[in-house]
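Architecture at a glance
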Amino acid sequence: MLNPFDDEYFMKKALEEAESAYEKGEIPVGVVVVIKDKIIARGHNLTETLNDVTAHAEMQAITAAANYLGGKYLKDCTMYITLEPCQMCAGALYWSQISKIVFAASDPQRGYRKSGVMLHPKTEMKSGVMKDEASELLKRFFIEKRNLN
């Protein structure tokens, strides 16, 4: 059994959110926001469902976490994301002043690192946690999408 205070435990929860997105025909990206080992927000991509290009998993979770905390800053929070954030989400995470971001799979085409967007100087970053599982889900989604078209 996974330790509930472990990066893999929380990334597994983010992967469950990604599966929810997958089941809705959304690009399977999921996220959870954690403070003091408690999940306070969840999100997954809803861009197709809401017909909104800004409805990324991270954006959904930032809003939910801020509402839970009663303020716009996510200090002392960790966000677990199944895919490296894009430049839009990285910008929002910068302004949220989130303390730590942990992501699974890298996104060499659209990830924030390729765009040169910077995170807040106090934000700690960790990558590669459960990257194989997250990558496999994304690959499966895009293979199925191509076969349908």
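All of these numbers come straight from a predicted model, not from anything done at the bench.

This part is about the overall build of the protein chain. Along the protein chain, the regular secondary structure elements total six helices and five strands. For 149 residues, the compact-globule estimate of 2.2 N^0.38 gives 15 Å, and the protein chain sits close to it at 14 Å. Its C-alpha atoms give the protein chain principal-axis dimensions of roughly 45 × 35 × 25 Å. Residues counted as buried form 45% of the 149 residues belonging to the protein chain. Sequence-distant contacts, at least 24 apart, represent 54% of the contacts inside the protein chain between residues at least 6 apart.

What follows concerns the environment of Lys38. Mapped onto the secondary structure, Lys38 falls in strand 2 (residues 38-44). The exposure class of Lys38 is partly exposed, given its relative accessible area of 45%. Spatially, the C-alpha atom of Lys38 lies 29 Å from that of Glu48, the residues being ten residues apart in sequence. Excluding anything up to four places from it in sequence, Lys38 contacts Val33 and Tyr68.

In this model, Asp37 sits at a positive phi of 60 degrees, which is unusual for a non-glycine residue. Secondary-structure assignment places Asp37 in the loop between strand 1 (30-35) and strand 2. Although it is not a glycine, Asp76 adopts a positive phi angle of roughly 70 degrees. Along the chain, Asp76 turns up in the loop between helix 3 (57-69) and strand 3 (77-83).

It is worth spelling out the side chain of Glu58 at this point. Along the chain, Glu58 falls in helix 3. The residues contacting Glu58, other than those within four sequence positions of it, are Val31, Met79, Ile81, Leu83, Pro85 and Cys89.

This part is about the environment of Asp7. Along the chain, Asp7 turns up in helix 1 (residues 7-23). Separated by 66 residues in sequence, Asp7 and Tyr73 place their C-alpha atoms 22 Å apart. At a separation of 2.6 Å, a polar atom in the side chain of Asp7 contacts the side chain of Lys126.

Taking 1.5 Å per residue, 18 residues should reach 26 Å; helix 6 (residues 131-148) reaches 26 Å between its end C-alpha atoms and fits that length. Listed in full, the buried residues belonging to helix 6 are Ala134, Leu137, Leu138 and Phe141. Within helix 6, the buried residues cover an arc of 95 degrees as seen down the axis, which keeps them to one side. Exposed and oriented more than 90 degrees from the buried face of helix 6 are Asp132, Lys139, Arg146 and Asn147. Taken together, the buried residues of helix 6 touch helix 1, strand 3 and strand 4 (100-105).

Residues Glu8, Asp132, Glu133 and Glu136 make up a contiguous surface patch of negative charge. Looking at the negative patch element by element, the count peaks at three residues for helix 6. Mapped onto the fold, Glu133 is located in helix 6.

All right, on to the UniProt feature "domain: CMP/dCMP-type deaminase" (unreviewed entry) in the protein chain then. Feature annotation in UniProt places "domain: CMP/dCMP-type deaminase" (unreviewed entry) on residues 5-115, given in this structure's numbering. Taken as a whole, residues 5-115 contains 43% helix and 23% strand, while its terminal C-alpha atoms sit 32 Å from one another.

With that settled, the discussion passes to the packing of helix 3 against helix 4 (residues 87-96). Between helix 3 and helix 4, the shortest axis-to-axis distance is 9 Å and the interhelical angle comes to 20 degrees. Classed by the angle they form, the pair helix 3 and helix 4 counts as roughly parallel. In this structure, helix 3 crosses over helix 4, and the sense of that crossing is left-handed. Mapping the contact onto sequence places Glu58, Met59 and Ile62 in helix 3 and Met88, Cys89, Ala92 and Leu93 in helix 4. Among the residues making up the contact of helix 3 with helix 4, the classes are represented as six nonpolar, no polar and one charged.

Procedures and definitions
Residues numbered from 1 in each chain as written. Predicted model: local features only at pLDDT ≥ 70, side-chain atom pairs only at ≥ 80, totals over all residues. Heavy atoms only, no water. Helix = DSSP H or I, 4+ residues; strand = E, 2+ residues; numbered from the N terminus. Rg over C-alpha atoms; globule rule 2.2 N^0.38 Å. Buried < 20%, exposed > 50% of the residue type's maximum accessible area, 1.4 Å probe, protein only. Contact = heavy atoms within 4.5 Å. Polar contact = N/O pair within 3.5 Å; in protein donor to acceptor, adjacent residues only side chain to side chain. Expected span 1.5 Å × (residues − 1). Arc of directions from axis to C-beta. Patch = residues over 30% accessible without salt bridge, like charges linked within 9 Å, V, L, I, M, F, W, Y side chains within 5 Å. Areas by Shrake-Rupley, 256 points an atom, 1.4 Å probe, with all protein chains shown as cover. Salt bridge = Lys/Arg side-chain N within 4 Å of Asp/Glu carboxyl O. Lys, Arg positive; Asp, Glu negative; His and termini not counted. Charge placed at Lys NZ, Arg CZ, Asp CG, Glu CD. UniProt positions renumbered as here; feature names shortened; annotations may be inferred. Axes fitted to C-alpha atoms, helices over the stretch in contact; angles between N-to-C directions. Parallel < 35°, antiparallel > 145°, perpendicular 65-115°, else oblique. Left-handed = near helix turned anticlockwise from the far one by under 90°. Nonpolar A, V, L, I, M, F, W, Y, C, P; charged D, E, K, R; others polar.

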